[in-house]
Amino acid sequence: MSGEYVKLRVGDKARFECLRCGRCCIGPNVGLTAFDICRISRFLGLDWKGVKGRYVVAVVADMMAIPVLRDKGGRCVFLEFEGGKSTCTIYPARPIRCRLYPFIPYSPSDEHTVYLDKHCLGLNAHIYTEPPWETLKKYCSEAKQHYSKLYKLIFREGCEPLEALEKVIEDVDELLIKQSHVQDNLYFKQASK
Ligand code: SF4
Ligand code: SF4
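Remember, it's a predicted structure, so these values are computed and weren't measured experimentally.

The rules behind the values
Residues numbered from 1 in each chain as written. Chains lettered and ligands numbered in written order. Predicted model: local features only at pLDDT ≥ 70, side-chain atom pairs only at ≥ 80, totals over all residues. Helix = DSSP H or I, 4+ residues; strand = E, 2+ residues; numbered from the N terminus. Rg over C-alpha atoms; globule rule 2.2 N^0.38 Å. Buried ≥ 20, exposed ≤ 12 C-beta atoms within 10 Å, placed from the backbone. Contact = placed C-beta atoms within 7 Å. Near = placed C-beta within 6 Å. Nonpolar A, V, L, I, M, F, W, Y, C, P; charged D, E, K, R; others polar. Core = buried A, V, L, I, M, F, W, Y, C linked by C-beta atoms within 7 Å. Pairing = 2+ DSSP bridges. Axes fitted to C-alpha atoms, helices over the stretch in contact; angles between N-to-C directions. Expected span 1.5 Å × (residues − 1).

A. Highlighting the overall build of the protein chain. Secondary structure assignment for the protein chain yields 4 helices and 11 strands. Relative to a compact globule of 193 residues, whose C-alpha radius of gyration would be 16 Å, the protein chain shows 18 Å and is just as compact. Taking the principal axes of its C-alpha atoms as reference, the protein chain extends roughly 55 × 45 × 35 Å. Out of the 193 residues belonging to the protein chain, those deemed buried represent 22%. At a minimum sequence separation of 6, the contacts of the protein chain that also span at least 24 residues come to 67%.

B. Layout of the site of ligand 2. For ligand 2, the full set of nearby residues is C25, V30, L69, C76, F78, L79, C88, I90, R94, P95 and C98. Classifying every residue of the shell around ligand 2 gives 10 nonpolar, no polar and 1 charged.

C. Here's a closer look at helix α1 (residues 34–43). Burial of α1 is extensive: 8 of the 10 residues sit out of reach of the surface. Two residues or fewer past α1, G45 is found with a positive phi of approximately 70°.

D. A look at the nonpolar core. Counting residues in each nonpolar core, the largest one holds 23 residues, and the members touching the most others are A34, I37, C38, L69, V168 and I169. Going through the elements one at a time, α1, α3 (133–156) and α4 (161–191) are the ones with two or more residues in this core. With residues near it in sequence (within four places) discarded, L69 still touches N29, V30, L32, Y55, V56, C76, V77 and F78. Counting residues in hydrophobic clusters, the runner-up holds 8 residues, among them A14, L116, L136 and A143.

E. Structural detail: the sheet that holds strand β10 (residues 110–117). Pairing in this open sheet of 3 strands is antiparallel, and the strands run β1-β10-β9 from one edge to the other. Looking at which strands have only one partner, the edges of the open sheet turn out to be β1 (5–9) and β9 (103–107). Recorded for the sheet is a direction-independent mean angle of 40° between the axes of neighbouring strands. By the bridge criterion, 5 bridges tie β1 to β10 in an arrangement that is antiparallel. Bridged to Y5 within β10 is D117. Docked against the sheet, α3 engages β9 and β10, running at close to 110° with respect to β10.

F. Local environment of the site of ligand 1. Near ligand 1 you find C18, L19, R20, C21, G22, R23, C24, Y101, P102, C120, L121 and G122, and these make up its full shell. In terms of residue class, the shell around ligand 1 is built from 8 nonpolar, 2 polar and 2 charged.

G. Up close: the pairing of strand β3 (residues 56–61). Taken together, the 6 bridges between β3 and strand β4 (residues 64–69) define a ladder with antiparallel strand orientation. Counterpart to V60 in the pairing with β4 is A65. Where β3 folds back on β4, the antiparallel hairpin that results is connected by 2 residues, among which D62 adopts a positive phi of roughly 50°.

H. Expanded view of α3. In a regular helix each residue adds 1.5 Å, so 24 residues correspond to 34 Å; α3 covers 33 Å between its end C-alpha atoms and thus fits that length. Buried within α3 we find L136, Y139, A143, H146, L150 and L153. G158 lies just past α3 and shows a positive phi near 75°.

I. Geometry of the environment of F43. Its place among the elements puts F43 in helix α1. You can call F43 partly exposed: it has 15 C-beta atoms within 10 Å. Note: C-alpha distance between F43 and W133 (90 residues apart in sequence) is 24 Å. In contact with F43, not counting residues within four places along its chain, are I90, P92 and A93.

J. Quick peek at the environment of V51. Turning to its location among the elements, V51 is positioned in the loop between α1 and β3. Apart from the residues lying within four places of it in its own chain, the contact partners of V51 are I37, I40, S41, L44, L46 and V56.

Set out below in structure tokens:
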């Protein structure tokens with residue numbers, strides 16, 4: 001990482017307040033995990049295949065398929081501008097990397113370190129903010145699950161990168177359906193007490 005990024009550890013704070021300028025939604029596409037894709041598709045009321053190509057595309061590099069948000073005219077497909085402010089049209093289901101920004105994960109195996117991107121226009125605010133460590137923890141857990149499944153399918157089982165990515169998304173989709181059934185059952189048990 002260049003001098004445009006500052007490393008922060010637990011206990012460090014940054015002067016940051018979001019201006020909703022939308023700058024971080026313009027330019028390089030946001031990287032996703034299968035968990036992000038499933039949350040976005042549920043929020044839009046679509047099957048995960050319904051977001052494929054329309055909102056999410058995959059880039060293949062070094063035998064890995066990396067899913068990213070699609071761009072529309074150089075900015076994220078979900079970004080809208082209204083009254084001088086930017087709006088994310090999937091805000092409650094936005095990807096974890098968007099939730100973390102301007103803090104950027106350092107490594108999926110390090111839940112205590114982030115980079116601060118000095119390109120963010122909301123820096124040098126009067127408010128001191130701690131990086132969202134709990135969100136980073138969730139990101140690390142999901143990224144590790146995503147990549148370990150993908151590595152196993154591609155490098156041990158010989159799957160094609162895009163085929164492997166689709167299998168991982170299907171797997172995560174089933175996992176999230178099971179988890180939501182468990183939560184529903186817990187709710188009904190509590191409600192009937
Ligand atoms: S660039 Fe910074 S200030 Fe602007 S919307 Fe993104 S996080 Fe907020
Ligand atoms: S999903 Fe929302 S927050 Fe993330 S880049 Fe797109 S518009 Fe911005």
